[in-house]
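# Summary of the model geometry
So you can see what is in the structure, the chains are spelled out below.
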Amino acid sequence: PPPPWATRRLFSLAAIALVAIVAISNTAFQIKPEEVGLVLRFGRMVRTTEPGLHLKMPFVEQVLRVPVQRQLKEEFGFRTAVPGIRTQYSAADFAGESVMLTGDLNVAVVEWVVQYRVTNPYNYLFKVRGLVDTFRSMSQAVMREVVGDRTVTEVLTVGRQEIATTSERMLQVLADQYEMGVVIDQIVL
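Here we summarise the structure given alongside this text. (Residues numbered from 1 in each chain as written. Predicted model: local features only at pLDDT ≥ 70, side-chain atom pairs only at ≥ 80, totals over all residues. Heavy atoms only, no water.)

### Focus on the packing of aromatic side chains
- The full count for this structure, using the stated rule, is four aromatic pairs.
- Here Phe-76 and Trp-112 contribute two aromatic rings whose centre-to-centre distance is 4.6 Å and whose plane-to-plane angle is 10°, an arrangement assigned as stacked. Of this pair, Phe-76 sits in strand β6 (residues 72-76) while Trp-112 sits in strand β11 (residues 112-118), placing them 36 residues apart in sequence.
- A cation over a ring is seen here: Arg-79 above Phe-94, with NZ or CZ 4.1 Å from the ring centre.
- Lying over the aromatic face of Phe-76, Arg-136 brings its terminal NZ or CZ to 4.3 Å of the ring centre. (Phe/Tyr/Trp six-rings, centres within 6.5 Å; stacked < 30°, edge-to-face > 60°. Helix = DSSP H or I, 4+ residues; strand = E, 2+ residues; numbered from the N terminus. Lys NZ or Arg CZ within 6 Å of the ring centre and 35° of its normal.)

In structure tokens form, the structure reads like this:
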């Protein structure tokens, strides 16, 4: 049997090697081509990193990835379960989002998609708490206001493009007021 000091030394070397491996693995990080990384040191943003391989201080810094080149979307009145050639939709009931009262006091079911991109990663992550929920609530409020000013005939036929354009403009104004760091690409009814 080996002497006790040799066993302790072996365990201490193994512990040091394990700590070194963990520190090295927490040092390097990679940002994908469509992302930007925000490096936080003790919770405060210290720098923004572009796509590629980067280093950070282990255990002290944290990286948050934000998709800035990808178009994001929020669906209202329905949810896509599996996208593809034969898209499958969720069977859950989302009528509460899409049932609206028009200006002539008729009820219309309006389903829509808001497509947007992140333009300011810092604002997107830190200016608004619960950004997605806030964004969804703003979109519903804007759409209800625009649909409430039209007749049911306009909503279902000739006024669809005008509704989408007006809603897009109003939602962008609200997003800018809230400093969300997003730009609305389009609203599709």
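### A few points about a nonpolar patch on the surface
- On the surface, a nonpolar cluster with roughly 490 Å² of combined accessible area is contributed by Val-99, Leu-101, Leu-105, Val-107 and Val-109.
- Elements with a minimum of two residues in the nonpolar patch: β9 (99-101) and β10 (107-109).
- Within the element layout of this structure, Val-107 appears in strand β10.
- Given the relative accessible area of 58%, Val-107 is considered exposed. (Patch = residues over 30% accessible without salt bridge, like charges linked within 9 Å, V, L, I, M, F, W, Y side chains within 5 Å. Areas by Shrake-Rupley, 256 points an atom, 1.4 Å probe, with all protein chains shown as cover. Salt bridge = Lys/Arg side-chain N within 4 Å of Asp/Glu carboxyl O. Buried < 20%, exposed > 50% of the residue type's maximum accessible area, 1.4 Å probe, protein only.)

### Quick word on the sheet that holds β6
- Strand order across the open sheet formed by three strands is β6-β11-β12, with antiparallel pairing between neighbours. Two strands bound the open sheet, and with one partner strand each, they are β6 and β12 (182-188). Averaged over neighbouring strand pairs, the angle between their axes works out to 20° when direction is ignored.
- As judged from the six bridges shared by β11 and β12, these two strands associate in the antiparallel manner. Bridge pairing links Gln-115 to Gln-186 in β12.
- With respect to the sheet, helix α4 (residues 131-148) is in contact with β6, β11 and β12, its orientation differing from that of β6 by roughly 55°.
- Most of the contacts of helix α6 (residues 160-177) go to β12, to which it runs at about 160°, and overall it touches β11 and β12. (Pairing = 2+ DSSP bridges. Axes fitted to C-alpha atoms, helices over the stretch in contact; angles between N-to-C directions. Contact = heavy atoms within 4.5 Å.)

### A look at the nonpolar core
- Core analysis: the biggest nonpolar cluster contains 31 residues, and Trp-112, Val-114, Tyr-124, Phe-135, Leu-171 and Met-180 have the highest contact counts within it.
- Of all elements in the fold, only β2 (35-41), β6, β11, α4, α5 (152-156), α6 and β12 reach the threshold of two or more residues within this core.
- Counting residues per element, this core draws most heavily on α4, which supplies seven residues.
- Ignoring anything within four residues of it in the chain, the contact list for Val-114 reads Leu-72, Lys-73, Glu-74, Phe-76, Phe-135, Ser-139, Leu-171, Ile-184, Gln-186 and Ile-187. (Core = buried A, V, L, I, M, F, W, Y, C linked by side-chain atoms within 4.5 Å.)

### Focus: the sheet that holds β2
- Pairing is antiparallel across the open sheet formed by three strands, whose spatial order is β3-β2-β5. Edge strands, defined here as strands with exactly one partner in the open sheet, are β3 (44-49) and β5 (61-67). Taken pair by pair, the neighbouring strands of this sheet meet at an average axis angle of 30°, ignoring direction.
- Here β2 pairs with β5 via seven bridges, running antiparallel. Bridge assignment links Arg-41 to a residue of β5, and that residue is Glu-61.

### Remarks on α6
- In a regular helix each residue adds 1.5 Å, so 18 residues correspond to 26 Å; α6 covers 26 Å between its end C-alpha atoms and thus fits that length.
- Taken together, the buried positions of α6 are occupied by Ile-163, Ala-164, Thr-166, Ser-167, Leu-171, Gln-172 and Ala-175.
- Buried residues belonging to α6 abut β11, α4, α5 and β12.
- Glu-179 sits one or two positions beyond α6 and adopts a positive phi of about 55°. (Expected span 1.5 Å × (residues − 1).)

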